[in-house]
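Here are the chains, one letter per residue:
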Amino acid sequence: MKANMQHLRLISTAGSEIGRELDLRVVLDKVLLWVERIFDLETCAVLLHDERLGGLTIAAARGYRPEVVANGRIQPGEGVTGRVLASGRAIVVNDVRKAEAYIEGVVGARREMAVPLMAEGRVIGVLDAETARLRPFSRSDLDLFELFAAHVAAAVHNARLLDEARRVAERLRRKANDLSALNAIGLRMASFTEPDNLLDAAMALASRSLFFRTCALLVIDGDDLVVRAAYGHQNGVVGTRLPRGRGVTWRCLLGGHSILVEDVTRDPDYVPGLHDGRCEMAAPILGPEGAVGVLDAESPRPGAFNLDSLTVFETFAHQIAVALENARLHSTNRRTFYQTIRALAQVLEARDSYTRGHSERVARYARGIGEVLGLDRKTLQVLEQASLLHDIGKIGVRDSVLHKPGALDDEERTAIERHPTIGDDILHPVVFLREALDVVRHHHEHWDGTGYPAGLKGEDIPLVVRVVAVADAYDAMTSNRPYRRAIPRQEALAEIRRKAGIQFDPAAVEAFCRFMDSNETGW
């Protein structure tokens, strides 16, 4: 267990470090160093998928034959790494001499372990290790290697996106004088992490800073294009559906390129957006897998837009696309980290049948208390996430302590009281979960200051912590534990009320009781 905890901490630290790097070469070099440090493997390679050529190329390697690194190109299905690329599944070969179509990367290798690097639901590369050591790779080795590979994939993917953004930025640098307004808009949009808010903000910024009289953003919805945000149009235009194939916008989308129509009266595809529209331009919103929408502008004056106008418009469309992708990546990364940690919490609960489902129930109780207290949506989300993770530190506590049927001795009590700080150590490197750390670290603090680990008192204890403390205690009392049977609901509620002002925040207790009264038949 201690070895696994050390590996998990190292992997978390490594993920945080390589995730901060923006240069792909630096990311790859650090990956090789961390593989040696975490897994004691001096031979490792990162192979990246070249979509243009359809195979894998070795982007970075340590201990591999120079000719393989210089000339190696692996096609899907070829060798161990090619099979991983084709299947999207990890492969462990504990005797390469018996493996079909093995491609020797390391002289004298006996064993090979290769895992996919996944991003956007597709394989972007393979993390590969070969070794001559006698000990076979275990299931635990593979699980840890896959967890590390998830961090590597996110860092590589983000670095590649940044490389692409830098190339685009360099092409646009020469047009800086014409695009100063767009630069300001781009900076502003980068602060949005919710796509819907981003689209409305983009239109508001454009209406103040750019020269378009009207602008509309349409996105694909089934077989139609739907107006999701707009300015300068009549009320009610948002939500308007444009059937497939109709108008300049559909021509732009299907063609995947910008269109400038100097006089719409001469274009048979024109569908009026303005009652007096005479000039129109449209630019596609391009995502990683193609066009996802169209940016459209009209003017009542023929020839109002020219190629310079179209360049600015294309850039604005590109900024929206990048901002949307960044918002999606932000959401994906947050969800990935959250799911990873939640999986760890589920592993913890799987060790102990008495606490299975405890975190989910605490999350429901805590959200109910928060709703009674009138907390905002973001704080309610923090409550739910923190509740699910509040006991994650118990992963570092021995089973003999967790499952002991009798009273704990002093040494065991000290061990169990360390779980909040262990949890804090595990989650601290994960930026997306920083808001949950207070709960993880302090959910055993008491209102009167007699709790642990910091002995916080009263309102020095953060509100979310005080809420979770009540929910946690109630579920613990009403659940069977190795050292006692569950107590009835009313008895537990009476105990919670009795400890108000001593162990618990009186306001949180009152809100919990009101919540339970309103859900009497559901709990």
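Refer to the structure presented above.
As a convention, each chain's residues are numbered from 1 in the sequence order in which they are written. Local features are withheld for residues below a pLDDT of 70 in this predicted model, meaning they are given only at 70 or higher, and side-chain atom pairs are given and counted only at 80 or more; totals for whole chains, interfaces and linings count all residues. Hydrogen atoms and water are omitted, and side-chain values are computed over all heavy atoms in the structure.

A.B. asks: What's the story with the environment of Asp 438 in this structure? I'm lost.
C.D. replies: By definition, any uninterrupted DSSP run of H or I lasting at least four residues is a helix, any uninterrupted run of E lasting at least two residues is a strand, and each is numbered from the N terminus. Structurally, Asp 438 is set in helix 15 (residues 437-442). Three labels apply to residues, based on accessible area from a 1.4 Å probe with only protein chains included: buried if under 20% of the type maximum, exposed if over 50%, partly exposed otherwise in between. Classification of Asp 438 as partly exposed rests on a relative accessible area of 36%. Separated by 25 residues in sequence, Asp 438 and Leu 463 place their C-alpha atoms 9.6 Å apart. Every residue pair with non-hydrogen atoms within 4.5 Å of one another is taken to be in contact. Setting aside its immediate chain neighbours within four residues, Asp 438 contacts His 443, Pro 462 and Val 465.

A.B. asks: Would you take a moment to explain the sheet that holds strand 2 (residues 55-62) for this structure?
C.D. replies: The pairing of strands in a sheet comes from backbone hydrogen bonds and takes either a parallel or an antiparallel form. Strand pairing is defined by DSSP finding a minimum of two bridges between the two strands. Across the sheet, six strands lie side by side as 3-2-1-6-5-4; this open sheet has antiparallel pairing. The two strands at the open ends of the sheet, each matched to only one other strand, are strand 3 (73-74) and strand 4 (91-93). Here strand 4 pairs with strand 5 (residues 111-119) via three bridges, running antiparallel. Residue pairing for strand 5: Val 93 is matched across the bridge by Glu 112. Every angle, taken between N-to-C directions, lies between 0 and 180 degrees, and every axis is a line fitted to C-alpha atoms, over only the stretch in contact when it is a helix. Packing against the sheet, helix 2 (residues 24-39) makes contact with strand 1 (44-50), strand 2 and strand 6 (122-131), and its axis sits at approximately 60° to strand 2. The sheet contacts of helix 4 (residues 79-87) involve strand 1, strand 2, strand 3, strand 4, strand 5 and strand 6, and relative to strand 5 the element is tilted by about 30°.

A.B. asks: Whenever I open this one, the sheet that holds strand 9 (residues 241-243) confuses me. Can you help?
C.D. replies: Strand order in the open sheet formed by six strands is 9-8-7-12-11-10, and the pairing between neighbours is antiparallel. For this open sheet the edge positions go to strand 9 and strand 10 (259-261), each flanked by a neighbour on one side alone. The sheet shows a mean angle of 25° between the axes of neighbouring strands, taken without regard to direction. Note: strand 7 (residues 215-221) against strand 12 (residues 290-299), four bridges, orientation antiparallel. Note on strand 12: the bridge partner recorded for Ala 216 is Asp 296.

A.B. asks: Mind showing me how you'd approach the nonpolar core here?
C.D. replies: Soluble globular proteins: nonpolar side chains tend toward being buried together. By nonpolar core is meant a set of buried Ala, Val, Leu, Ile, Met, Phe, Trp, Tyr and Cys residues that side-chain atoms within 4.5 Å join together. Val 31, Phe 39, Leu 117, Leu 127 and Phe 148 are the most contacted members of the largest nonpolar core, which has 49 residues in total. By residue number, the principal contributor to this core is helix 5 (residues 139-173), which donates eleven residues. For Leu 127, the residues in contact, after removing those within four places along its chain, are Val 31, Cys 44, Ala 45, Val 46, Met 113, Ala 114, Val 115, Leu 117, Phe 145, Phe 148 and Ala 149. In terms of nonpolar packing, the next biggest core, distinct from the first, is built from 31 residues, Ala 366, Ile 369, Leu 493 and Met 516 among them.

A.B. asks: I'm lost on unusual backbone geometry in this one. Help?
C.D. replies: Among all residues save glycine, negative phi is the norm, and among peptide bonds the norm is trans. In this structure, the amide linkage connecting Tyr 452 to the following residue, Pro 453, adopts the cis form with an omega of 10°. Topologically, Pro 453 is positioned in the loop between helix 15 and helix 16 (463-477). Within the chain, Glu 120 stands out as a residue other than glycine whose phi angle is a positive 60°. For Glu 120, a relative accessible area of 26% corresponds to the partly exposed category.

A.B. asks: Mind showing me how you'd approach the pairing of strand 1 here?
C.D. replies: Each regular strand shows side chains that alternate between the opposite faces of the sheet. Among the seven residues of strand 1, seven are classified as buried, and the element is accordingly described as predominantly covered. Here strand 1 shows a buried face lined by Cys 44, Val 46, Leu 48 and Asp 50 and a second buried face lined by Ala 45, Leu 47 and His 49. In this structure, strand 1 lies alongside strand 2, joined through seven bridges in antiparallel fashion. Opposite Cys 44, over in strand 2, you have Arg 62 as the bridge partner.

A.B. asks: How should I be thinking about helix 4 in this particular structure?
C.D. replies: It helps to recall that an α-helix has 3.6 residues per turn; residues three or four apart then point in one direction. Three or more residues of helix 4 are buried, namely Gly 79, Val 80, Thr 81, Gly 82, Val 84 and Leu 85. The secondary structure elements touched by the buried residues of helix 4 are strand 1, strand 2, strand 3, strand 4, strand 5 and strand 6. In the stretch just after helix 4, Gly 88 is the one whose phi turns positive, near 75°.

Shape is all these values report; function is a separate question.
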